[in-house]
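Residue-level structure breakdown
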Amino acid sequence: MSEQSKIQSMMQEKRLFEPPTEGQDKAWVKSIDEYEALYKQSMDDPDGFWLNRTKDLLTWFKDPTKGSTSDLNKPEVKWFEDGTLNVAYNCLDRHLTDGRRNKAAIIWQGEPDEDVKVYTYQMLHDEVNKFASVLKKKGVKRGDRVALYLPMVPELSIAMLACARIGAMHSIVFAGFSAMSLQNRIQDCEAKVLVTADAVLRAGRTIPLKPNADEALKDCPTVSSCVVVNRAGSDAPMQSGRDTWWNDEMAADDLGFVEPEKMNAEDNLFILYTSGSTGKPKGVVHTTGGYLTYVASTMQYVFDMQDNDVYWCTADIGWVTGHSYIVYGPLANGGTSLMFEGVPSYPAPDRFWQIVDKFKVNIFYTAPTVIRALMREGVEWTQKHDMSSLRVLGSVGEPINPEAWMWYHEHIGASKLPIVDTWWQTETGGIMMSPMPYATTLKPGSCTRPLPGIDAAIVDSEGVEVPANEGGNLVIRKPWPGMLRGVYRNPDRYKSTYFERFPGMYESGDGARRDEDGYFWVMGRLDDVINVSGHRMGTAEIESALVSHPAVAEAAVVGMPHDIKGESIYAYVTLSAGIEESDELIVELRTHVRKEIGPIASPEAIQFAEGLPKTRSGKIMRRVLRKIAAGVFDEFGDTSTLADPAVIDVLIDGYHEIM
Ligand code: WT7
């Protein structure tokens, strides 16, 4: 389906789904009236609302007396600034004495079905303390950075919480990223320690990871130690003096309880790199008190997590979804979080449903791309398992098209479960707009309404709010506790990316409209960022990877509609003089991008183009390239400023050759 017809089908979507009545009385938010009241309270008195919320949800060493002291014009954002707390204490220690000591904190399901580990709160506490001691022995101090480059193994959660315990910032790099991507991120944050693994188990294969880490560390002088988790029992090369095995470190007899650092609310918690429309990925910084309050709060509102629930978010911890809704949100609430190492399709397309059945999962959170891929495999896979334990379904990463929504609702949700379509971003820390499962009437394809505390609006290019049903820029007009506090060591980029265009507001970069009922319909990015399977990719980054290949003179990358991934990567490449076009070169360029960035950035389509549509001032007219990549050969808009309009027909011919 083309982008245009997808948007059309969303605009015509009129079906309504009422929240379930069964279970409503036990829900954290029981009715739409309750939501309205919370929302009103949060807008009338944000400080009062959030101070109450944080005292209800978290345990502070010193209670904050102040809510927010922020000015989005500057920008300057602070929450709870006179309070002190520790994230690991909130996620672990306090649950040892609140009746949850022997409750499962993390249920880990490895890729092989028999690989299961269950960590009670006591066990997880002990492991985290041990690893915190290891980090301290390695000289990691409060404020230092630790890079984590790991597959979905329990050690990843343990290492995160160990960093939080000693006040070090973690910077997690998704294990699917290349050595070069890892190197750039380590260099940017000057990490002292890297934690990685010998290999990744994926779809039945063992993919070495340590060689990537070694490659990256060739030019990372700040890293003095590398701790290696032995996941696959493979013979990873170890550099003496620098590399040690996780298990050896954890077996030392001088490890023990580590006093949690008393962190100020505004002390840094972590950095997570994310792609933007220009330049290298930026290090989004989140801090301690506001972030934890926000993820704990949204965990309750959006997923209605209750004490006996088994909750499963299928994301990778390498993305923000995993940070906030596999580790920090669930554990702050004393919940049970399932962590899965594998993929949805291996050994068969019922793997997710088999796991739901095996652990009697109650709350399930995944991405539209997964739903669309599994939809294609046929409903029979869903019917092989008992999924009656489920009560709330969630979606994240991109707009969920009504077809996928209906399939999810009918086949996974037995035509009765609510779907919470959660809109948010790496920068927002937690979910911003979403239904509340027992309160909100659903419209398939809409993330419905902003959560309490979130002042979302749609504005035109001047920053003026547009009337209902008109599209525009999605902005947030009030600070919220979970928002990013900076771009690591780059205040200018922080300001110019998020706060300059619309003074006094946070600019999301997304386009959306709000309908006559106040429901939001997010359409996707307005900037040069594409969303591949719910993962954000900057076109500029892929272009610079392509151009770094000697055969390439120029490259322009755009998103193209894709049935399963939502969008995929389409690259127009102009070759250097004297280089011949060939299929081998296409393969080579793909390999090159995988090496520079990672497999997720590898272009689906590469079209050789002798010329690109440029204006007389030399700017590439991307909307023309986007149309052609989508197979749309008219509606180019005003092309009168093009230096050579004939380029368009040549590009259309080229499209037909490769598609
Ligand atoms: C971008 C953020 C935060 C979770 C994972 C992605 C798109 C995310 C939705 C949704 C429509 C969505 C937006 C946003 N997005 N969720 N429910 N409906 N669009 O995090 O990599 O920071 O990407 O993902 O375009 O800006 P991210």
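Just so you know, these numbers come straight off a predicted model, no measurement behind them.

Definitions and limits used
- Residues numbered from 1 in each chain as written.
- Predicted model: local features only at pLDDT ≥ 70, side-chain atom pairs only at ≥ 80, totals over all residues.
- Heavy atoms only, no water.
- Helix = DSSP H or I, 4+ residues; strand = E, 2+ residues; numbered from the N terminus.
- Rg over C-alpha atoms; globule rule 2.2 N^0.38 Å.
- Contact = heavy atoms within 4.5 Å.
- Salt bridge = Lys/Arg side-chain N within 4 Å of Asp/Glu carboxyl O.
- Buried < 20%, exposed > 50% of the residue type's maximum accessible area, 1.4 Å probe, protein only.
- Pairing = 2+ DSSP bridges.
- UniProt positions renumbered as here; feature names shortened; annotations may be inferred.
- Patch = residues over 30% accessible without salt bridge, like charges linked within 9 Å, V, L, I, M, F, W, Y side chains within 5 Å.
- Areas by Shrake-Rupley, 256 points an atom, 1.4 Å probe, with all protein chains shown as cover.
- Lys, Arg positive; Asp, Glu negative; His and termini not counted.
- Charge placed at Lys NZ, Arg CZ, Asp CG, Glu CD.
- Axes fitted to C-alpha atoms, helices over the stretch in contact; angles between N-to-C directions.
- Expected span 1.5 Å × (residues − 1).
- Parallel < 35°, antiparallel > 145°, perpendicular 65-115°, else oblique.
- Left-handed = near helix turned anticlockwise from the far one by under 90°.
- Nonpolar A, V, L, I, M, F, W, Y, C, P; charged D, E, K, R; others polar.

What follows covers the overall build of the protein. A count of helical and extended segments in the protein gives 19 helices and 28 strands. Whereas a compact globule of 659 residues would reach a radius of gyration of roughly 26 Å, the protein reaches 24 Å, a difference of no more than 12%. Its C-alpha atoms give the protein principal-axis dimensions of about 75 × 65 × 55 Å. Taking all contacts inside the protein whose residues are at least 6 apart in sequence as the whole, residues at least 24 apart take part in 71%.

Let us look at the pattern of salt bridges. The full count for this structure, using the stated rule, is 45 salt bridges. Put simply, E190 and R489 hold a salt bridge, and the shortest N to O gap is 2.4 Å. Here E190 is found in the loop between α7 (179–189) and β6 (193–197), whereas its partner R489 is found in the loop between β21 (486–487) and α15 (491–498), with 299 residues between them in sequence. Among the ionic pairs, R391 bridges to D309, the shortest N-O distance being 2.5 Å. Of the two residues, R391 sits in the loop between α13 (368–377) and β17 (392–396) while D309 sits in the loop between α10 (289–303) and β14 (310–313), which places them 82 residues apart along the sequence. Neither residue differs from the other here; R391 and D309 are each classed as buried. Via salt bridges that share partners, D455, E465, R477, K478 and R514 belong to a single interconnected network.

With that out of the way, let us pick up the sheet that holds strand β13 (residues 282–287). A sheet is described by the order of its strands in space; here 8 strands give the open sequence β10-β9-β6-β4-β5-β12-β13-β21, paired in mixed fashion. The open sheet has two free edges, formed respectively by β10 (243–245) and β21, since each of these has just one partner strand. Pairing of β6 with strand β9 (residues 225–229) involves 5 bridges; the strand directions are parallel. Opposite V195, over in β9, you have V227 as the bridge partner.

Taking the UniProt record as the reference, the feature "binding site: CoA" (unreviewed entry) is found at R202, A203, G204, R205, T321, S533 and R594. With a sequence span of 393 residues, these residues are also far apart in the fold, their greatest C-alpha distance being 25.2 Å. Checked against the element boundaries, R202 lands in strand β7 (residues 199–202). If sequence neighbours within four positions are ignored, R202 has contacts with E111, I207 and V343. Position of T321 relative to the elements: it lies in helix α11 (residues 320–332). In this structure, T321 is in contact with C313, A315, I326, Y365, V396 and W424, ignoring residues within four places of it in sequence.

Moving on, we get to a negative patch on the surface. A surface patch of negative charge is lined by E580, E581, E610, D649, D653 and E657. For D649, the location among the structural elements is in helix α19 (residues 647–658). On the basis of relative accessible area, D649 is assigned to the exposed category, the value being 52%.

Okay, the sheet that holds strand β23 (residues 520–525) next. Spatial ordering of the open sheet is given by β19-β20-β22-β23, a layout of 4 strands whose pairing is antiparallel. Since the sheet does not close on itself, it has two edges, and those belong to β19 (456–459) and β23, each with one partner. When the angles between neighbouring strand axes are averaged without regard to direction, this sheet yields 45°. Looking at chain direction, β19 and strand β20 (residues 472–476) are connected through 4 bridges and run antiparallel. Within the sheet, the bridge partner assigned to A457 lies in β20 and is V475.

Attention shifts here to the UniProt feature "domain: AMP-binding enzyme C-terminal" (unreviewed entry) in the protein. Within the UniProt annotation, "domain: AMP-binding enzyme C-terminal" (unreviewed entry) is assigned to residues 541–619. Between the end C-alpha atoms of residues 541–619 there is a gap of 17 Å, over a span that is 27% helix and 32% strand.

With that settled, the discussion passes to the pairing of strand β27 (residues 566–575). Across the 10 residues of β27, 9 count as buried, placing the element largely inside the fold. Across 10 bridges, strand β26 (residues 552–562) lies against β27 in antiparallel orientation. In the strand pairing of β27, A555 is matched with V573. Hairpin remark: β26 followed by β27, antiparallel, with 3 residues in the connecting loop. The pairing of β27 with strand β28 (residues 605–608) spans 4 bridges and is parallel. Bridge pairing links Y572 to Q607 in β28.

Turning next to helix α17 (residues 583–596). In this model, α17 (14 residues) spans 20 Å end to end at C-alpha, consistent with the 20 Å of a helix rising 1.5 Å per residue. Buried positions along α17 lie against α16 (539–547), β26, β27 and β28. G598, located one to two residues past α17, shows a positive phi value of around 145°.

Glancing now at the packing of α7 against helix α8 (residues 210–217). Running from N to C, α7 and α8 cross one another at 50°; their axes reach a closest spacing of 8 Å. By the angle between their directions, the pair α7 and α8 is classed as oblique. Pair α7 / α8 crosses with right-handed handedness. Where α7 approaches α8, its residues A179, L182, Q183 and I186 are matched on the opposing element by N212, A213, E215, A216 and L217. Taken together, the residues of the contact of α7 with α8 break down into 6 nonpolar, 2 polar and 1 charged.

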